[in-house]
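# Overview (structure and organization)
Here is what each chain is made of, one letter per residue.
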Amino acid sequence: QVQLVESGGGVVQPGGSLRLSCAASGFIFRNYGMHWVRQAPGKGLEWVTYIYFTGDNKYYADSVKGRFTISRDNSKNTLYLEMNSLRAEDTAVYYCAKDIRGNTASVGDYWGQGTLVTVSS
Amino acid sequence: QSALTQPASVSGSPGQSITISCTGTNSDVGAYNYVSWYQQHPGKAPKLMIYDVINRPSGVSDRFSGSKSGNTASLTISGLQAEDEADYYCTSHTSSNSLVFGTGTKVTAL
């Protein structure tokens with residue numbers, strides 16, 4: 001069965017950095033685009049970033065552009081999110097999600113359980 | 001990219017049908033048949049209920065159905081049950097090859 005397991009969350013000071021990982025299993029990882037989606041405490045879902053199945057193309061929400069970097073290692077079935085210059089408003093549960101397509105950001109059919117990132121001094 | 005507009009809350013009696021709307025623009029909902037709906041219970045990850053406007057993933061009850069007209073998509077829950085109480089979010093593909101989520105709707109079974 002499809003499994004997505006996020007890790008790497010924690011408490012970080014404003015201006016700091018953090019790298020999240022998402023370990024995938026149960027499907028052919030290299031065939032599908034992948035997303036990161038976040039949810040601030042008590043708030044709605046916010047799309048963060050998407051990467052093609054090949055890793056060649058990446059897309060970002062304006063709120064994180066220039067600060068966050070999505071990447072993937074298809075040999076390790078793992079998705080990453082490098083987060084720099086973190087702000088208090090980046091505090092959220094971060095989910096990775098698998099798309100049903102390889103090169104179109106269309107829908108997340110499977111989601112991980114999420115990892116909490118808290119930006120606070 | 002502005003969030004898609006959903007009603008903050010929708011309620012109905014058990015057994016009734018309710019409909020949640022999701023209004024976007026001709027750069028997202030109106031332009032593509034890539035509208036999806038998610039159900040989220042408190043403290044849980046979102047669950048896909050409808051994709052590509054009308055399709056149900058395997059295992060999702062046929063009480064859930066989707067549709068679209070112009071820039072507005074809709075999710076209908078027929079025969080509302082207590083277990084359907086949750087937050088519901090729509091999302092759409094955009095012209096920037098990104099996703100945009102709706103503002104979210106809290107469904108209550110009275």
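Source: prediction; values computed, not measured.

## A short note on the layout of surface pockets
When its volume is computed, the largest pocket comes out at roughly 470 Å³. For the largest pocket, the lining is made up of 25 residues, of which Glu 46, Trp 47 and Ala 61 of chain A together with Gln 1 and Leu 99 of chain B are closest to its centre. Secondary structure elements with two or more residues in the lining of the largest pocket: β4 (34-39), β5 (45-51) and β6 (58-60) of chain A together with β8 (99-101) of chain B. For the lining of the largest pocket, the per-class residue count stands at 11 nonpolar, eight polar and six charged. Approximately 320 Å³ is the volume attributed to the second largest pocket. Looking at the second largest pocket, it is lined by 17 residues, and the ones nearest its centre are Asp 109, Tyr 110 and Trp 111 of chain A together with Lys 47 and Leu 48 of chain B. Of all the secondary structure elements, the ones that give two or more residues to the lining of the second largest pocket are β1 (3-7) and β10 (108-111) of chain A together with β4 (47-50) of chain B.

## Some details on the state of the cysteines
All names here are of chain A. Scanning the model with the defined rule gives two disulfides over all chains in all. Shown here is the disulfide that connects Cys 22 with Cys 96, its sulfur atoms set 2.0 Å apart. Its torsion about the S-S bond being 55°, the disulfide of Cys 22 and Cys 96 is classed as right-handed. In this pair, Cys 22 sits in strand β3 (residues 18-25) while Cys 96 sits in strand β9 (residues 92-99), placing the two residues 74 residues apart along the sequence.

## Side note on the environment of Val 117 of chain A
Residues and elements named next belong to chain A. Inspection of the secondary structure assignment puts Val 117 in strand β11 (residues 115-119). Val 117 sits in the buried class, given a relative accessible area of 0%. Residues Val 117 and Val 12, 105 residues apart in the sequence, show an inter-C-alpha distance of 7.7 Å.

## Here we look at the pairing of β3 of chain A
Across a regular strand the side chains alternate sides, sitting on one face of the sheet and then on the other. All names here are of chain A. Both β1 and β3 contribute to a ladder of five bridges, which runs antiparallel. Among the inter-strand pairings, Glu 6 is bridged to a residue of β3, identified as Cys 22. Here β3 pairs with strand β8 (residues 78-83) via six bridges, running antiparallel. Looking at β8, one finds that Leu 20 is bridged to Leu 81.

## Side note on the interface of chain A and chain B
Contact residues are listed per partner, giving 24 residues for chain A and 18 residues for chain B. Approximately 1700 Å² of surface area, both sides summed, lies buried where chain A meets chain B, with 61% of it carried by carbon and sulfur atoms. Contact with chain B buries surface across chain A, with Leu 45, Trp 47 and Trp 111 of chain A losing the most and accounting together for 32% of the total. There are one salt bridge connecting chain A and chain B. Put simply, Asp 52 of chain B and Arg 101 of chain A hold a salt bridge, and the shortest N to O gap is 2.6 Å. Remark: the boundary between chain A and chain B carries eight residue pairs in polar contact (both at pLDDT 80 or more). Those elements giving two or more residues to the side of chain A that touches chain B turn out to be β4, β5 and β10 of chain A.

What counts as what
- Numbers given for residues are sequential positions, taken from 1 along each chain in its written order.
- Lettering of chains starts at A and numbering of ligands starts at 1, both following the order in which they are written.
- Restriction of local features to residues with pLDDT of at least 70 applies here, the model being predicted, together with a cutoff of 80 or more for giving and counting side-chain atom pairs; totals for whole chains, interfaces and linings are based on all residues.
- Calculation of side-chain values draws on the structure's entire complement of heavy atoms; hydrogens and water are dropped beforehand.
- Using a grid of 1 Å spacing that covers the protein atoms alone, one calls a set of points a cavity when a 1.4 Å probe fits there but cannot get out, and a pocket when the set is open and has protein on both sides within 12 Å along at least five of seven lines; lining residues are those with an atom within 4 Å of a point.
- Grid points are joined across faces, edges and corners, and a volume is the space filled by probe spheres set on the points.
- Where helices and strands are cited, they refer to DSSP runs of H or I of at least four residues and of E of at least two residues respectively, numbered from the N terminus.
- Throughout, the ten residues Ala, Val, Leu, Ile, Met, Phe, Trp, Tyr, Cys and Pro are labelled nonpolar, Asp, Glu, Lys and Arg are labelled charged, and all others, Gly among them, are labelled polar.
- A pair of cysteine sulfur atoms is labelled a disulfide when the two atoms are within 2.5 Å.
- In this scheme, a residue with accessible area under 20% of its type's maximum is buried, one over 50% is exposed, and one in between is partly exposed, where area comes from a 1.4 Å probe on protein chains only.
- Any two strands with at least two DSSP bridges between them are considered paired.
- Contacts are assigned to residue pairs that have any heavy atoms within 4.5 Å of one another.
- Throughout, the accessible surface (probe 1.4 Å) given up by two parts as they are put together, summed over both, is called the buried area.
- Salt bridges are counted wherever a side-chain nitrogen of Lys or Arg sits within 4 Å of a carboxyl oxygen of Asp or Glu.
- N or O atoms closer than or at 3.5 Å make up a polar contact, with two conditions inside protein: a donor-capable atom paired with an acceptor-capable one, and, for residues adjacent in sequence, both atoms drawn from side chains.

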